[in-house]
Amino acid sequence: MTLPIAEAIAHEKSTQGKNAKVLIVSLHHPELMRGGAQQVCYELFQGLKQDPGIEPILLASTDAAYPALYKSGACITGFDGRNNEFLFLSTEYDTLWHKAGSPRLIEAFADFLETIQPDVVHFHHFLTFGVNLLALARKVLPNAKLVFTFHEFLGICDARGHMVRLTDHSLCSHASPVRCHQCFPERSPEHFLMRQIWFKRHFDEVDVFTCPSQFMIDRYAAWGIDRKKLLHIANGQADCSRGIKLPVPAGPKRRFGFFGQMIDVKGIQIILRAVALLRAQGFTNFTVELNGDNLRYATPIVREEIETFLAEEEKLPYAQRIVQNNGSYQVDQLASRMARIDWSIVPSLWEEAFGLVVSEAWMFRRPVICSNVGGLAERVTNEVNGLHFQIGDPHALAAVMQRACTEADLWERLSAAIPQPPSVTKMVSEYRGAYGLADETPSGLPDH
Amino acid sequence: MAVANKTEDAVTSASGTSAQAATNGGPSKQIAPTTLDWSSGTAPEGFDEVAYLAAFPDIVRSIKTGQFQSALHHFRVHGQREGRLNDIRYQRACVKGNTASFPPASIDGLVGCMTGQCLIYGWIKDNDVPVDQFTLRNNFGLWATTQTVYRYRRKDASDSLGLQDDKPLGFWALLNVEKPEMMFGPSELVVSAGLERKTFNAQVRSALPDRFREIVLEYLVKIYHSGDTRVETFFHLDNGLGNSLIQLNLDISKKMAQGAQTVEIGTPRSSVDGSIVVCLFGRPDLLSLQCAMFSKCRGMERYEFVYVSNSPEMADRLIKDATVVHRVYGIPIRLVILPGNAGFGVANNTGLSAARSERILFVNPDVFPTEPDWPALHTQLVKDRPADQVALFGVPLFYDDGSLMHGGMYFEVDRGFSFRDGKTTTREMLRVEHYGKGAPPKTEGYLSSRMVPAVTGAFMSVNRSWFESIGGFSPEYIFGHYEDADLCLKSLQAGKPAWIHRLPFLHFEGKGSIPRPSLDGAMLINRWHFTTVWSEAVKNGLCGKNPEGFPARGQQ
């Protein structure tokens with residue numbers, strides 16, 4: 001480790017005394033690569049910084065997207081001179097077994113732990129780090145509390161952790177050697193049992209797991225994780241409305257919006273198919289605005305479908321266009337984007353762990369129309385504060401959209417019932433409990 | 001005609017067109033005729049006057065001086081008695097030149113090995129008279145010939161020739177070369193098919209011994225047979241091919257073992273109850289996986305790991321992984337890197353020399369613990385049981401699906417048939433079977449401690465002194481398979497049968513290495529060798545699931 005880091009840590013120790021040290025290990029830094037997991041992680045880091053009894057330290061990974069950040073010979077560096085923010089320069093990551101393969105990186109991580117001596121090591125993922133770092137953390141810090149937050153099911157499912165079967169795109173209820181082999185015929189059933197025991201061996205080191213939704217807890221418990229170790233902590237988020245109350249236009253609510261990544265599992269293609277169905281039925285008095293990015297990461301077939309649809313839409317006279325693509329957005333643009341819609345559609349094709357976009361819509365009092373599974377269905381109560389439709393079914397979505405456009409007072413009823421999305425404060429408080437620091441005093445250090 | 005675009009690279013015709021060959025006299029094919037017509041004034045069939053004079057220039061001078069009228073005259077007077085037609089000089093002179101009706105053919109490649117063997121492969125459309133001899137020679141003293149030709153199907157050749165039938169046009173042959181160092185210069189390959197003959201310019205491509213072994217084994221499994229493939233291959237192996245390949249393998253594996261390098265990762269434990277020796281091939285990732293799983297078992301600090309790598313290309317990765325394993329799980333590892341694939345048996349024998357315990361556990365890399373306390377249980381078992389019951393023992397192994405994979409091994413004798421030239425021939429082949437393969441997990445009869453004819457090498461716990469006294473794993477077995485059964489039979493023969501004791505492990509059978517065609521060839525040879533060595537012993541009371549003297553299922 002470089003000297004400036006050691007100095008920085010020494011300085012922090014001298015100035016902050018015996019505060020409980022919480023090391024947050026984050027998959028990517030949200031300012032280097034956007035994504036829900038790192039966003040939540042950073043919100044937590046910022047929230048913990050406000051807590052007088054806790055000294056949070058962030059270790060966020062980066063990858064080849066920013067090669068210039070890889071300082072020669074370094075494995076862990078600072079980040080723009082910020083206090084307690086460090087970058088883990090991921091390299092030689094074994095994507096098959098999700099294993100750290102570089103002895104230098106391993107040594108650097110161990111050295112980092114020994115230098116910082118955190119009381120809590122909170123992994124927000126193993127991706128880019130390696131699941132074997134859990135065992136290393138336990139070995140280096142036998143008395144520290146290890147906390148792990150699940151953001152999807154990658155430990156269970158090799159298909160990007162989505163638990164969507166690659167055979168027919170149906171939802172997968174549980175993993176098994178034979179079922180996983182069916183998704184990856186080139187890998188044997190034995191491989192998947194090895195994968196399972198490999199992950200469980202390292203998850204065994206963890207003291208507390210957290211999931212942002214209840215159904216995830218059930219899924220992981222069914223997979224074999226001790227239910228007593230599993231905690232539900234919702235993903236808190238700073239209020240991006242900043243107190244702005246968007247005006248509610250009178251009359252029918254016929255403006256729909258999509259927010260998120262334009263990749264297959266987010267289901268944007270389902271919206272476009274629903275639009276095509278409604279148009280074919282002659283129902284055209286509505287609009288859909290798309291807000292998001294990363295279409296380049298969609299599969300070629302879905303990307304082509306989306307691009308073709310948008311190109312055809314562009315050819316239409318402006319008055320006949322229904323769908324408009326606004327492209328990517330930053331948090332501070334959310335208010336203006338939300339102002340242009342009445343409903344937020346979340347048509348995900350997998351069982352979302354939580355759905356930060358639901359929170360964002362709720363912050364602007366926009367009811368959500370979502371797939372009827374997973375974290376979305378758990379958060380959005382059908383007919384109470386939003387509407388469900390059958391996952392992956394454009395006909396069902398089209399019917400819901402038509403109803404949303406035409407049913408009097410529906411929007412008002414659902415919008416009025418929208419709950420307050422989880423706050424950062426609440427999330428920090430709950431993580432305090434998970435860390436064993438519930439009494440909010442330095443003396444509440446974990447007794448592992 | 002070129003097929004598979006290989007012909008032009010490997011070989012070109014040495015003497016141009018067939019018409020040219022005819023004007024050159026086109027010597028007849030017979031190299032060593034068995035009978036000659038002495039009474040006739042014409043040359044007997046097979047006698048090559050030009051070759052005779054080329055081989056023996058002193059006779060040319062004798063003819064010039066009038067001592068003899070012709071080469072044939074000399075042959076009649078002296079040559080037959082002196083065995084001149086069997087003289088190497090005559091034979092070498094004889095193989096020059098092409099005949100007019102040599103069938104379409106291609107020599108696709110010649111691969112030579114400095115151990116003195118050369119593999120020839122290609123195809124020939126020899127409808128009536130099959131190709132029956134290859135002779136390789138050059139001006140540097142190279143000379144090798146064989147009349148043993150193996151045939152295999154070549155769909156590309158059949159398609160190219162527009163043939164509908166499935167005739168095996170492909171051929172390969174193995175030559176033993178007298179002066180291997182002379183093999184790699186410009187050479188000539190003479191191919192004979194009955195009376196037809198053609199000489200090709202040839203360039204032998206050099207292959208390292210282990211690569212050469214790989215190639216030959218791949219060809220072994222391609223051999224075309226009209227009957228039972230195993231039986232027919234056994235007959236080929238009986239006729240020298242088996243011993244030849246085993247000798248090649250012995251030379252290679254011995255050299256590999258001599259070239260072993262040991263890398264120590266971490267500080268070795270001061271004393272241990274057992275040394276776990278693991279042979280790796282093609283799957284470096286299994287080292288991390290296995291150590292991760294074993295490291296969670298209580299009592300592992302009393303055991304050490306010795307990994308032996310048969311894959312030199314994995315060396316860097318293994319050293320890195322072992323370093324990571326040591327740092328993460330605290331397990332010191334002794335890594336033995338071999339310069340090539342010495343095979344399972346020799347690699348484990350080599351690993352033994354790096355192990356420090358009197359108790360050796362040979363464990364496959366795809367074996368994982370199911371019982372967290374197995375180290376203590378194993379140590380206790382070795383301590384408590386009579387010495388004869390733990391000199392060599394195995395354990396029940398389970399599949400990923402929970403069913404039993406192994407509860408000991410027994411032997412059966414297969415009988416295969418060959419139908420050639422109106423005759424029926426039988427051949428016995430030993431088969432090794434696992435007790436309880438696929439049985440429900442709690443099938444007591446297969447799990448209990450008992451004496452068994454053999455146990456798998458996937459997990460084998462042995463007393464080191466006993467193991468060494470019976471010679472360890474026999475090095476004759478190529479790559480893997482049958483050496484474990486062989487070891488158990490050696491132990492039995494020496495007075496201590498194998499046992500199985502209840503200490504369950506997972507075994508992802510067949511996932512510990514990378515499958516490849518040459519492995520099938522090696523398995524055939526190993527089975528042949530195992531049959532050759534142990535057939536009589538097995539038939540003499542060891543055959544079947546319940547051999548005499550061994551407890552039947554469920555009995556202890």
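Residues numbered from 1 in each chain as written. Chains lettered and ligands numbered in written order. Predicted model: local features only at pLDDT ≥ 70, side-chain atom pairs only at ≥ 80, totals over all residues. Heavy atoms only, no water.

A. Layout of the overall build of chain A. Regarding its fold elements, chain A presents 15 helices and 16 strands. The C-alpha atoms of chain A give a radius of gyration of 23 Å, which matches the 22 Å a tight globule of 448 residues would have. Each principal axis of the C-alpha distribution contributes one length, and for chain A these read about 65 × 50 × 45 Å. The buried share among the 448 residues of chain A stands at 59%. Contacts in chain A between residues at least 24 apart in sequence constitute 71% of all its contacts with a sequence separation of at least 6. In the structure as shown, chain A presents an accessible area of about 17,900 Å², 54% of it carried by carbon and sulfur atoms. Separation between the mean location of the 44 positive side-chain charges and that of the 50 negative ones in chain A comes to 2 Å. (Helix = DSSP H or I, 4+ residues; strand = E, 2+ residues; numbered from the N terminus. Rg over C-alpha atoms; globule rule 2.2 N^0.38 Å. Buried < 20%, exposed > 50% of the residue type's maximum accessible area, 1.4 Å probe, protein only. Contact = heavy atoms within 4.5 Å. Areas by Shrake-Rupley, 256 points an atom, 1.4 Å probe, with all protein chains shown as cover. Lys, Arg positive; Asp, Glu negative; His and termini not counted. Charge placed at Lys NZ, Arg CZ, Asp CG, Glu CD.)

B. Representation of the pairing of strand β16 (residues 386–389) of chain A in the model. By the alternation rule, side chains of β16 of chain A split into G386 and H388 of chain A and L387 and F389 of chain A, which are all buried. After leaving strand β15 (residues 368–371) of chain A, the chain enters helix α12 (residues 374–379) of chain A and then returns to the sheet as β16 of chain A, a path that is right-handed. (Right-handed = clockwise from strand over helix to strand, strands pointing away.)

C. Fine view of the state of the cysteines. Residues and elements named next belong to chain B. Taken as a whole and judged by the stated rule, the model has zero disulfides over all chains. Residue C279 stays outside any disulfide, its sulfur separated by 15 Å from that of C291, the closest cysteine. Free cysteine: C543, not disulfide-bonded; nearest cysteine sulfur from C488 at 17 Å. (Disulfide = S-S within 2.5 Å.)

D. Structural view of the pattern of salt bridges. Residue and element names in this part refer to chain B. All told, the structure shown has 60 salt bridges over all chains when counted by the stated rule. Residues K539 and E536 are paired through a salt bridge, measuring 3.5 Å at the closest nitrogen-oxygen approach. With K539 and E536 both in helix α18 (residues 517–539) and three residues apart, the pair spans about one turn of that helix. For K539, a relative accessible area of 38% puts it in the partly exposed group. Accessibility expressed as a relative area gives 58% for E536, which makes it exposed. (Salt bridge = Lys/Arg side-chain N within 4 Å of Asp/Glu carboxyl O.)

E. A look at the interface of chain A and chain B. At the junction of the two partners, chain A supplies 30 residues and chain B supplies 24 residues. Summing the contributions of chain A and of chain B, the shared interface buries around 2,200 Å²; its carbon and sulfur component is 64%. Contact with chain B buries surface across chain A, with E190, M194 and R201 of chain A losing the most and accounting together for 27% of the total. A salt bridge links R327 of chain B to E107 of chain A; its shortest N-O distance comes to 2.9 Å. Inspection of the chain A/chain B interface yields seven residue pairs in polar contact (both at pLDDT 80 or more). Secondary-structure elements contributing two or more residues to the side of chain A that touches chain B are β6 (99–100), α3 (103–116), α4 (132–140) and α6 (189–203) of chain A. Residue contributions to the side of chain A that touches chain B peak at eight residues, all from α6 of chain A. Here the residues of the side of chain A that touches chain B sort into 15 nonpolar, five polar and ten charged. (Buried area = accessible area lost by both parts, 1.4 Å probe. Polar contact = N/O pair within 3.5 Å; in protein donor to acceptor, adjacent residues only side chain to side chain. Nonpolar A, V, L, I, M, F, W, Y, C, P; charged D, E, K, R; others polar.)

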